Amino acid sequence: MKITDYKSLIFDCDGVILNSNKIKTEAFRLIFEPFGKVPADEMVDYHINYGGISRYKKIDYFINNYVKNRTKKYIQDLKVDLLKNFSDIVKNKLFKSEVCKDLQLLKLRTKNSKWFIVSGGDEEELNYTFKNKNISSFFDGGIFGSPSNKFEIIDDKIKKGNIKKPAIYFGDSKLDYEVADFYNFDFVFVYQWTEFDNWKYFFRDKKNVITINSPSEILKI
């Protein structure tokens, strides 16, 4: 099927539209360093291994596994502080992050398709960043993120008739593939900025998966 045949194009953000994976990995390291090098290193590994899952879930994981014998108020305050610290670190750096090449060309070639962002990133942060980078208008289907997870977002958009098939999903993580597979979307793995080191082995026997360096390369297929 040609890219122009799809009614819905769904994109992850980090590692697909923006070169921002390393920004968020470093942010996780920084917010957890006050608790010690070992927890910080382990949380960075957890973040990379579970790419595409929201910061809310990852901070919950940290609290459940590394914060013991604390009051409910302490835990609530800690969660608020960690989320704020993470956002403060990430927000300014996202403005400087690289945008994937030829996004406008891909949009022109798929003008009859609706574009969606479905990301593990914070939804308010995503919309703010895309607006400041002048790329919000490309995503006429909407820009969606956490605290809702990817399954919840797509369920909602399908029920409302916004996401229509045939649909194709562009992602850079194992979770992105699992989402696409669950909904029977075609899947494109974008590898130029991925932190999924084992992707070649993982996709070696997966059918109907296209692997490309950047989203616009789909035009050559």
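Residues numbered from 1 in each chain as written. Predicted model: local features only at pLDDT ≥ 70, side-chain atom pairs only at ≥ 80, totals over all residues. Heavy atoms only, no water.

Within a pair of aromatic rings, the relevant descriptors are the distance that separates the centres and the angle that separates the planes. Scanning the model with the defined rule gives 30 aromatic pairs in all. On the basis of an interplanar angle of 35° and a centroid distance of 4.7 Å, the ring pair of Tyr46 and Tyr50 is categorised as tilted. Ring centres of Phe151 and Phe182 lie 5.5 Å apart, and the angle between their planes is 90°; on these two criteria the pair is classed as edge-to-face. Residue Phe151 is found in helix H7 (residues 150–159), and its partner Phe182 is found in helix H8 (residues 174–182); the two are separated by 31 residues along the sequence. The exposed category is assigned to Phe182, whose relative accessible area is 56%. Pairwise contacts between aromatic rings join Tyr169, Tyr177, Phe187, Phe189, Tyr191, Phe196, Trp199, Phe202 and Phe203 into one cluster. The side chain of Arg70 reaches across the aromatic face of Tyr74, ending 4.5 Å from its centre. (Phe/Tyr/Trp six-rings, centres within 6.5 Å; stacked < 30°, edge-to-face > 60°. Helix = DSSP H or I, 4+ residues; strand = E, 2+ residues; numbered from the N terminus. Buried < 20%, exposed > 50% of the residue type's maximum accessible area, 1.4 Å probe, protein only. Lys NZ or Arg CZ within 6 Å of the ring centre and 35° of its normal.)

To continue, consider the pattern of salt bridges. Going through the model one piece at a time under the given rule, you end up with 14 salt bridges. Across the pair Asp77 and Lys73 runs a salt bridge whose closest N-O atoms are separated by 2.7 Å. Pair noted here: Asp77 and Lys73 are both in helix H4 (residues 72–95), with a separation of 4 residues, about one helical turn. Using a relative accessible area of 35% as the deciding quantity, one classes Asp77 as partly exposed. With a relative accessible area of 55%, Lys73 lands in the exposed category. For the salt bridge of Lys84 with Asp88, the shortest nitrogen-to-oxygen distance reads 2.8 Å. One end of the pair, Lys84, and the other, Asp88, are both in helix H4, 4 residues apart, so they sit about a helical turn from each other. (Salt bridge = Lys/Arg side-chain N within 4 Å of Asp/Glu carboxyl O.)

The strand order across the open sheet formed by 6 strands is E3-E2-E1-E4-E5-E6, and the pairing between neighbours is parallel. One side of each edge strand has no neighbouring strand; the edge strands of this open sheet are strand E3 (142–146) and strand E6 (209–212). Geometrically, the sheet is characterised by an average inter-axis angle of 20° between neighbouring strands, direction not taken into account. Of the strands in this sheet, strand E2 (114–122), E3 and strand E4 (167–171) are in contact with H7, which crosses E2 at around 150°. (Pairing = 2+ DSSP bridges. Axes fitted to C-alpha atoms, helices over the stretch in contact; angles between N-to-C directions. Contact = heavy atoms within 4.5 Å.)

This paragraph deals with the environment of Ile23. With respect to the element layout, Ile23 can be found in helix H1 (residues 21–32). In the structure, Ile23 is positioned 66 residues away from Ile89 in sequence and 8.6 Å away in space, judged by C-alpha atoms. Discounting chain neighbours no more than four positions away, the residues touching Ile23 are Val90, Lys93, Leu94 and Ser97.

Glancing now at the nonpolar core. Ranked by size, the top nonpolar core spans 26 residues in total, and within it Phe11, Ile17, Ile117, Phe130, Phe139 and Phe170 carry the most contacts. Only strand E1 (8–11), helix H5 (103–109), E2, helix H6 (123–132), E4 and strand E5 (186–190) provide two or more residues apiece to this core. In contact with Phe139, other than residues within four places in its own chain, are Phe11, Ile17, Leu103, Trp115, Phe116, Ile117 and Phe130. One finds Val118, Leu175, Val179 and Tyr183 within the second-largest nonpolar core, a separate group that totals 22 residues. (Core = buried A, V, L, I, M, F, W, Y, C linked by side-chain atoms within 4.5 Å.)

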